[in-house]
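Coordinate inspection notes
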Amino acid sequence: MTRLVICVLLCASAVLGGHEKYEGHQLYRVSGANADIAALEAHLDLLSMTPAARTTSGKLEAVVRLSPEEKAQWLSLFDSKSMTYTKIADNLADILREEEASIQMSRATVKRSGKSMSWDTYYRHDEINDYLDELAATYPELVTVINAGLSYEGRQIKYVRISTTRFENLRKPVIVIDAMVHAREWVTTPVAMYIINQLVVDIVDRSLTEYIDWIIIPLANPDGYEYSIDEDRMWRKTRSKNHEGADECPGVDGNRNFDHYWGTSPSSADPCSIIYEGPSAFSEPEIRIIRSAVLSNLERTALYISLHSYGNMFLYAWGNNATLPANGLILHLAGIRMATAIDELALDKADRYVVGNAAQVLYFTTGTSRDWTRAVGIPLTYTLELPGYEYNFLVPPSYVKQIVTETWAGIAEGAKYVLSTW
Ligand SMILES: *[C@@H]1O[C@H](CO)[C@@H](O)[C@H](O)[C@H]1NC(C)=O
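Residues numbered from 1 in each chain as written. Predicted model: local features only at pLDDT ≥ 70, side-chain atom pairs only at ≥ 80, totals over all residues. Heavy atoms only, no water.

**Some points on the site of the ligand**
What counts is decided by this rule: Summary of the distance rule: residues count as near a molecule or strand when at least one heavy atom falls within 4 Å of that molecule or strand. Two N or O atoms form a polar contact when they lie within 3.5 Å of each other; inside protein one atom must be a possible hydrogen donor and the other a possible acceptor, and for residues adjacent in sequence the pair counts only when both atoms belong to side chains.
Near the ligand you find His260, Tyr261, Trp318, Asn320, Asn321 and Thr323, and these make up its full shell. At 2.7 Å, a side-chain N or O of Asn320 approaches an oxygen atom of the ligand. Within the side chain of Asn321, one N or O atom sits 2.4 Å away from an oxygen atom of the ligand.

Next up, the structure:
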């Protein structure tokens with residue numbers, strides 16, 4: 001009888017989130033030389049990296065996940081390289097079960113109540129799509145939904161164009177924002193939806209739509225997102241199987257799949273790596289959709305931001321080498337303005353934002369959307385790493401309101417910067 005009750009509880013949770021695969025997995029905070037930390041990413045699940053400036057050691061710090069089987073081997077490697085480490089979580093499966101319970105209590109990932117969207121929960125892909133269609137129906141003079149194409153598994157990817165002039169005034173600058181390229185970074189989609197809300201529903205500053213056109217892609221990787229809800233909360237990549245080794249290791253890291261120095265980083269060539277770049281540049285339908293959205297109004301696109309989680313950083317080009325684009329100073333200044341606007345509203349316990357060159361702040365990356373968009377000519381392009389506090393990407397629903405509100409302040413500041421310089 002007892003056993004039956006236990007099975008009902010455990011088996012139910014196993015069916016829901018697939019968390020049992022993380023039974024006994026521990027999280028460690030590891031600190032070391034940049035190159036040593038960078039080398040981990042090809043073999044381990046790196047949850048985040050923290051720039052040297054924020055740590056006292058003058059090094060790079062990462063949070064890594066170690067399975068019971070691989071733990072001893074990695075800890076001794078850390079020792080041999082004089083990398084210091086502390087355990088910060090004892091059993092990831094427990095943390096994931098707690099997160100799932102908290103989300104169900106806030107009735108998340110289920111249904112919207114009525115027509116509005118609330119900022120204390122996470123919605124599934126079909127709910128987001130329905131909401132976008134409703135917005136376009138309610139505000140036809142301002143919002144157009146583009147049915148941009150299907151994901152690898154056949155889900156409709158939609159994005160919105162927001163314009164008071166139907167994208168016909170070619171003198172207006174365009175701002176492009178995408179979210180949820182990485183599946184497990186759940187809070188990115190509410191942030192994108194809140195930006196849409198502030199521009200369209202609440203209209204907090206009419207000049208931001210009167211003088212700027214917006215393209216917002218709130219859920220770029222629906223296959224990965226849905227998979228991260230139902231099967232594997234830690235899933236990051238797409239779910240495609242067009243590459244060799246896909247049966248064992250499906251999916252591609254969308255933010256290594258852009259055609260900028262693609263294929264030049266050995267650590268991104270392994271299909272089983274968390275940062276696998278894919279069989280070719282733009283192999284992923286989800287990433288081709290971002291490409292066409294970006295190219296659709298390229299000449300007048302002034303600012304591109306890709307929303308990611310987590311780490312409190314504005315990162316700008318180049319990532320493939322530690323040099324700056326010609327407008328590096330402007331990239332830095334605009335980044336500081338956005339970051340400062342966010343920091344002013346941040347929780348006391350939040351890390352202050354770091355603004356910097358991606359390769360200097362962290363380490364080399366190839367095939368990123370930030371570098372590709374800069375290379376094709378958009379002046380201001382950033383990877384924005386939102387806050388995770390102590391929850392990494394498992395941001396509790398109760399923090400969503402805080403993050404969407406403060407991030408909007410940064411986006412609005414970026415938009416004003418665009419207006420003042422266009
Ligand atoms: C660094 O990469 C950029 C493109 O991202 C390229 O234009 C530049 O020439 C490279 N610089 C060096 C020193 O390799």
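**Re a nonpolar patch on the surface**
Rules: Note on patches: the residues involved have over 30% relative accessible area and no salt bridge, like charges join within 9 Å, and the nonpolar side chains Val, Leu, Ile, Met, Phe, Trp and Tyr join within 5 Å. Accessibility throughout is a Shrake-Rupley quantity obtained with a 1.4 Å probe, and a residue counts as covered only by protein chains that appear here. Salt bridge, as used here, is a side-chain nitrogen of Lys or Arg placed within 4 Å of a carboxyl oxygen of Asp or Glu. Put simply, DSSP marks the helices as runs of H or I at least four residues long and the strands as runs of E at least two long, and each gets a number from the N terminus on. For every residue, the accessible area (1.4 Å probe, protein chains only) is compared with the maximum for its type, and the residue is labelled buried under 20%, exposed over 50%, or partly exposed between those bounds.
The grouping of Leu329, Ile330 and Leu333 at the surface amounts to a nonpolar patch, some 280 Å² of accessible area in total. The residue Leu329 is located in helix α10 (residues 328–345) in this model. According to the relative accessible area criterion, Leu329 is exposed, its value standing at 61%.

**Some details on the packing of aromatic side chains**
To be explicit about the condition: Classification of ring pairs rests on two measures: the distance between centres of Phe, Tyr or Trp rings, Trp counted by its six-membered ring, which must be within 6.5 Å, and the angle between planes, read as stacked under 30 degrees, edge-to-face over 60 and tilted in between.
Overall, the coordinates contain 16 aromatic pairs when judged by the stated rule. Here the aromatic rings of Tyr227 and Trp235 are separated by 5.2 Å at their centres, their planes lie at 75°, and the arrangement is edge-to-face. Classification of Tyr227 as partly exposed rests on a relative accessible area of 23%. Exposure remark for Trp235: the relative accessible area of 14% places this residue in the buried category. Here Phe282 and Trp372 contribute two aromatic rings whose centre-to-centre distance is 5.4 Å and whose plane-to-plane angle is 80°, an arrangement assigned as edge-to-face. Of this pair, Phe282 sits in the loop between α8 (222–230) and α9 (285–295) while Trp372 sits in helix α12 (residues 369–375); the two residues are 90 residues apart in sequence, bridging distant segments of the chain. Under the relative-accessibility criterion, Phe282 is labelled buried at 9%.

**Observations regarding the packing of helix α6 (residues 188–200) against helix α13 (residues 400–421)**
Rule in force here: The convention used is that axes are lines fitted to C-alpha atoms, helices contributing only their stretch in contact, and that angles between N-to-C directions extend from 0 to 180 degrees. Comment on the angle field: the value is read as roughly parallel under 35 degrees, roughly antiparallel over 145, roughly perpendicular from 65 to 115, and oblique elsewhere. In this scheme the crossing of two helices becomes right-handed for a clockwise turn of the near helix relative to the far one and left-handed for an anticlockwise turn of less than a right angle. Every residue pair with non-hydrogen atoms within 4.5 Å of one another is taken to be in contact. Just so you know the grouping, Ala, Val, Leu, Ile, Met, Phe, Trp, Tyr, Cys and Pro go in nonpolar, Asp, Glu, Lys and Arg go in charged, and all remaining residues, Gly too, go in polar.
Contact geometry of α6 with α13 gives a least axis separation of 9 Å together with a crossing angle of 60°. Accordingly, the angle class assigned to the pair α6 and α13 is oblique. Seen from above, α6 lies across α13 with right-handed handedness. The residues of α13 that touch α6, namely those facing Pro190, Val191, Tyr194, Ile195, Gln198 and Leu199, are Val400, Ile403, Val404, Thr405, Thr407, Trp408 and Ile411. Here the residues of the contact of α6 with α13 sort into ten nonpolar, three polar and no charged.

**With respect to the sheet that holds strand β11 (residues 354–357)**
Test applied: Strand pairing requires that DSSP identify at least two bridges connecting the strands.
Taken in spatial order, the eight strands of this open sheet run β5-β6-β8-β7-β9-β12-β10-β11, and their pairing is mixed. Of all the strands in the sheet, just β5 (143–150) and β11 have a single pairing partner and so form its edges. Averaged over all neighbouring strand pairs, the angle between strand axes comes to 20°, with direction disregarded. Two elements, strand β10 (residues 313–316) and strand β12 (residues 380–386), share three bridges in a ladder whose sense is antiparallel. In the strand pairing of β12, Phe314 is matched with Leu384. Taken strand by strand, helix α5 (residues 125–138) contacts β5 and β6 (156–162), and its axis lies near 35° from that of β6.

**Structural notes on unusual backbone geometry**
A cis amide bond links Ser309 to the next residue, Tyr310, at an omega of 15°. The omega torsion of the bond from Ala317 to Trp318 falls at -10°, within 30 degrees of zero and hence cis. Mapped onto the elements, Trp318 comes out in the loop between β10 and α10. With phi around 50°, Arg166 is a residue other than glycine that occupies positive phi space. On the secondary structure map, Arg166 appears in the loop between β6 and β7 (174–179). Positive phi values are uncommon outside glycine, yet Met180 reaches one of about 60°. Within the fold, Met180 resides in the loop between β7 and α6.

**A closer look at the domain arrangement of the chain**
Going by this rule: Domain start and stop positions are those given by an automatic or database domain assignment. Reported buried area values correspond to the accessible surface (1.4 Å probe) lost by two parts on association, with both partners' losses combined.
On domain assignment, one finds that the chain holds domain 1 (24–90) and domain 2 (116–235 + 254–421). Contact with domain 1, which involves 17 residues of that partner, is made by 21 residues of domain 2. Interface area for domain 1 against domain 2, summed over the two sides, is near 1400 Å², with a carbon-plus-sulfur share of 56%. At the boundary of domain 1 and domain 2, one finds one salt bridge. Note that Arg184 and Asp45 form a salt bridge whose closest N and O atoms lie 3.0 Å from each other.

**Some remarks on the environment of Ala302**
The residue Ala302 is located in strand β9 (residues 301–309) in this model. For the pair Ala302 and Arg206, spaced 96 residues apart in sequence, the C-alpha separation works out to 19 Å. Discounting chain neighbours no more than four positions away, the residues touching Ala302 are Pro173, Val174, Ile378, Pro379, Leu380, Val418 and Trp422.

**Concerning the pattern of salt bridges**
Scanning the model with the defined rule gives 20 salt bridges in all. The partner of Lys158 in a salt bridge is Asp133, and the shortest N-O contact between them spans 3.1 Å. With Lys158 in strand β6 and Asp133 in helix α5, this residue pair connects regions lying 25 residues apart in the sequence. Assessed through its relative accessible area of 34%, Asp133 is described here as partly exposed. Across the pair Lys172 and Asp213 runs a salt bridge whose closest N-O atoms are separated by 2.9 Å. A residue pair is termed long-range when its members are at least 10 positions apart, and Lys172 in the loop between β6 and β7 and Asp213 in strand β8 (residues 213–217) qualify at 41 residues. For Lys172, a relative accessible area of 5% translates into the label buried. Residue Asp213 is classed as buried on the basis of its relative accessible area, which comes to 0%.

**Digging into the pairing of β5**
Bridge count between β5 and β6: seven bridges; the pairing is antiparallel. Paired with Val145 across the bridge in β6 is Val160.

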